[in-house]
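# Observations on the three-dimensional arrangement
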Amino acid sequence: MAIDKNMSLARMKSFLGEELKEQILLEIAPILHIGQDQGGYFGASRQILCFIDFLGTLYSGYDEKLDKKFKNSKGKIREISTSDQSIKFIKEVMGEKIDPYYKLNGEVLYKMYRHGLVHLYQPKSFLQQDGRALFWLAYKGLRENATVRIGQIEVSGIRHVGKISGPDDKSEYLAISINSLYYDLIQAIDLYLVMLEQDKSLQAKLVSAANAISELEIL
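A few points on the structure. (Residues numbered from 1 in each chain as written. Predicted model: local features only at pLDDT ≥ 70, side-chain atom pairs only at ≥ 80, totals over all residues. Heavy atoms only, no water.)

## So, the sheet that holds strand β1 (residues 126–127)
- In spatial order, the strands read β1-β2-β6-β5; together these four strands make up an open sheet with mixed pairing. Among the strands making up the open sheet, the edge pair consists of β1 and β5 (162–165).
- Alignment of strand β2 (residues 133–139) against strand β6 (residues 171–177), held across seven bridges, turns out to be parallel. From the neighbouring strand, L137 faces β6, where its bridge partner is A175.
- Relative to β6, helix α7 (residues 178–198) is tilted by about 50 degrees, and along the sheet it contacts β2 and β6. (Pairing = 2+ DSSP bridges. Helix = DSSP H or I, 4+ residues; strand = E, 2+ residues; numbered from the N terminus. Contact = heavy atoms within 4.5 Å. Axes fitted to C-alpha atoms, helices over the stretch in contact; angles between N-to-C directions.)

Written out as structure tokens, the structure is:
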């Protein structure tokens with residue numbers, strides 16, 4: 001079933017804890033190809049970050065009065081989901097409760113992997129303020145102290161959502177363990193469910209977002 005209007009707490013719990021997690025299991029786990037070196041680096045990461053988009057929308061809620069796009073389009077288009085909401089979810093839920101590196105590098109993770117993979121086929125690379133390039137590095141393996149090959153060089157001490165220096169010291173890489181990202185998404189949903197049970201304001205935000213999503217949009 002799709003998301004619906006005026007969801008009760010029980011409905012929120014069944015939707016997030018059963019429907020959404022089942023979708024993740026059925027649609028992302030097969031792409032991940034757990035136990036194999038090949039496959040899943042782009043597809044799984046793209047899907048995971050799009051789910052985080054959705055969770056960030058529910059977490060932040062929707063206020064029509066603050067929606068400039070809705071106002072400027074004279075009520076035709078709503079901007080229900082924004083990058084800031086997704087980054088907020090990454091930092092506040094995943095960063096504070098799962099792995100502090102999401103709080104440290106969550107914004108660049110999102111801009112690099114989500115924006116790049118959804119719009120440009122591959123993760124983005126950036127030129128940082130210190131003049132060094134920041135490249136992407138997706139791997140399957142340990143959250144900490146992983147060993148990953150960069151070109152012809154094997155690099156040890158790789159850390160999920162951590163930066164490492166490139167071979168020439170003129171560049172860095174932002175690494176993600178895609179299997180860690182997958183399991184963190186599932187854990188984030190479980191944590192969000194606990195937060196919803198304890199915080200009625202979060203419930204109200206979810207309802208506001210769900211109601212906006214359920215509205216018909218004018219073509």
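## With respect to the packing of aromatic side chains
- Applying the stated criterion across every chain yields a total of eight aromatic pairs.
- Ring plane angle 80 degrees and centroid distance 5.6 Å describe the contact between Y59 and F89, whose orientation is recorded as edge-to-face. Taken as a pair, Y59 in helix α3 (residues 43–60) and F89 in helix α5 (residues 83–97) lie far apart in primary sequence, 30 residues in all. Here Y59 matches F89 in class, with each residue buried.
- One aromatic cluster in this structure is built from F42, Y121 and W136.
- Lying across the ring of Y41, K140 places its NZ or CZ 5.3 Å from the centre. (Phe/Tyr/Trp six-rings, centres within 6.5 Å; stacked < 30°, edge-to-face > 60°. Buried < 20%, exposed > 50% of the residue type's maximum accessible area, 1.4 Å probe, protein only. Lys NZ or Arg CZ within 6 Å of the ring centre and 35° of its normal.)

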